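Spelled out, the chains give:
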Amino acid sequence: VQLQASGGGLVQAGGYLRLSCAASGSIFSINDMGWYRQAPGKQRELVADITSGGSTNYADSVEGRFTISKDNAKNTVYLQMNSLKPGDTAVYYCNADQIRAGIVYDYWGQGTEVTVSS
C-alpha cells in the first residue's frame, strides 16, 4: 500500500486547508485510515481517523473544527481543517491499517507540512 498525501501549506489563523491522502497498490482489506501530526519537539499524535464503515474519531483539540471523510471510489481520505490555529502547525501524516491473514499492517504516507501564522 502506498499513501500519497497532499494539501499542506501556509495559512493565516482562522483560515482553512484540505488535506488529501490517496491510497494505491494492494488496498484491499484496508481497515482504518487516519491523519496524525507531529509538531516540532513533540510526539506524533492522532488527529482523526475513519473506519471502513465510516465511523470517525477526533482528537479533542480539533473536534468541531476538522472533518475527516473518504471517497471509496477514489481510495482517498480527506481532512478538512477549518478555523486553523497556530497550534495546528505540524507535519501531517496519513496512515492506513490493513488486515491480511489476521495480521495488522501499518502504512504511512510522506508528511505534508501545515503552517498556521498568527
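Scroll up for the structure.
Just so it is clear, the structure is predicted and the values come from calculations on it, not from any experiment. (Residues numbered from 1 in each chain as written. Predicted model: local features only at pLDDT ≥ 70, side-chain atom pairs only at ≥ 80, totals over all residues. Heavy atoms only, no water.)

Visitor: I would appreciate a short explanation of the overall build of the protein in the present structure.
Guide: Broken down by element type, the protein carries 0 helices and 11 strands. When the helices and strands of the protein are listed from N to C terminus, the series reads β-β-β-β-β-β-β-β-β-β-β. Relative to the globule expectation of 13 Å for 118 residues, the C-alpha radius of gyration of the protein, 14 Å, shows essentially globular dimensions. The dimensions of the protein, computed from C-alpha atoms along their principal axes, are 50 × 25 × 25 Å. Here the protein holds 118 residues, and 40% of them are scored as buried. Considering only residue pairs separated by 6 or more positions, the protein has 52% of its internal contacts joining residues 24 or more positions apart. As displayed, the protein offers around 6200 Å² of accessible surface, 47% of which is attributable to carbon and sulfur atoms. Computing the positive centroid from 9 side-chain charges and the negative centroid from 10, the protein places the two 4 Å apart. (Helix = DSSP H or I, 4+ residues; strand = E, 2+ residues; numbered from the N terminus. Rg over C-alpha atoms; globule rule 2.2 N^0.38 Å. Buried < 20%, exposed > 50% of the residue type's maximum accessible area, 1.4 Å probe, protein only. Contact = heavy atoms within 4.5 Å. Areas by Shrake-Rupley, 256 points an atom, 1.4 Å probe, with all protein chains shown as cover. Lys, Arg positive; Asp, Glu negative; His and termini not counted. Charge placed at Lys NZ, Arg CZ, Asp CG, Glu CD.)

Visitor: Help me understand unusual backbone geometry in this model?
Guide: Backbone phi values are negative for most residues with the exception of glycine, while trans is the configuration of most peptide bonds. Despite not being glycine, N75 shows a phi value in the positive range, around 50°. As for its placement among the helices and strands, N75 is situated in the loop between strand 7 (66-71) and strand 8 (76-81). We note that S83 has phi near 50°; this positive angle belongs to a residue other than glycine. Within the secondary structure layout, S83 lies in the loop between strand 8 and strand 9 (90-100). For S83, a relative accessible area of 42% corresponds to the partly exposed category.

Visitor: Before we go on, may I ask you to explain the state of the cysteines in this structure?
Guide: Here a disulfide denotes a covalent bond joining the sulfur atom of one cysteine to the sulfur atom of another. A full pass over the atoms with the stated rule returns 1 disulfide. Between C21 and C94 runs a disulfide, and the two sulfur atoms are separated by 1.9 Å. Measuring the twist about the S-S bond at about -80°, one finds the C21-C94 disulfide to be left-handed. Within this pair, whereas C21 is found in strand 3 (residues 17-24), its partner C94 is found in strand 9, the two being separated by 73 residues in sequence. What makes C94 buried here is its relative accessible area of 0%. (Disulfide = S-S within 2.5 Å.)

Visitor: Before we go on, may I ask you to explain the environment of N82 in this structure?
Guide: Position of N82 relative to the elements: it lies in the loop between strand 8 and strand 9. N82 sits in the partly exposed class, given a relative accessible area of 31%. When the C-alpha atoms of N82 and G14 are compared, they prove to be 7.1 Å apart, with 68 residues separating the residues in sequence. Sequence-distant contacts of N82, that is, excluding residues within four places in its chain, are made with G15, Y16, R65 and F66.

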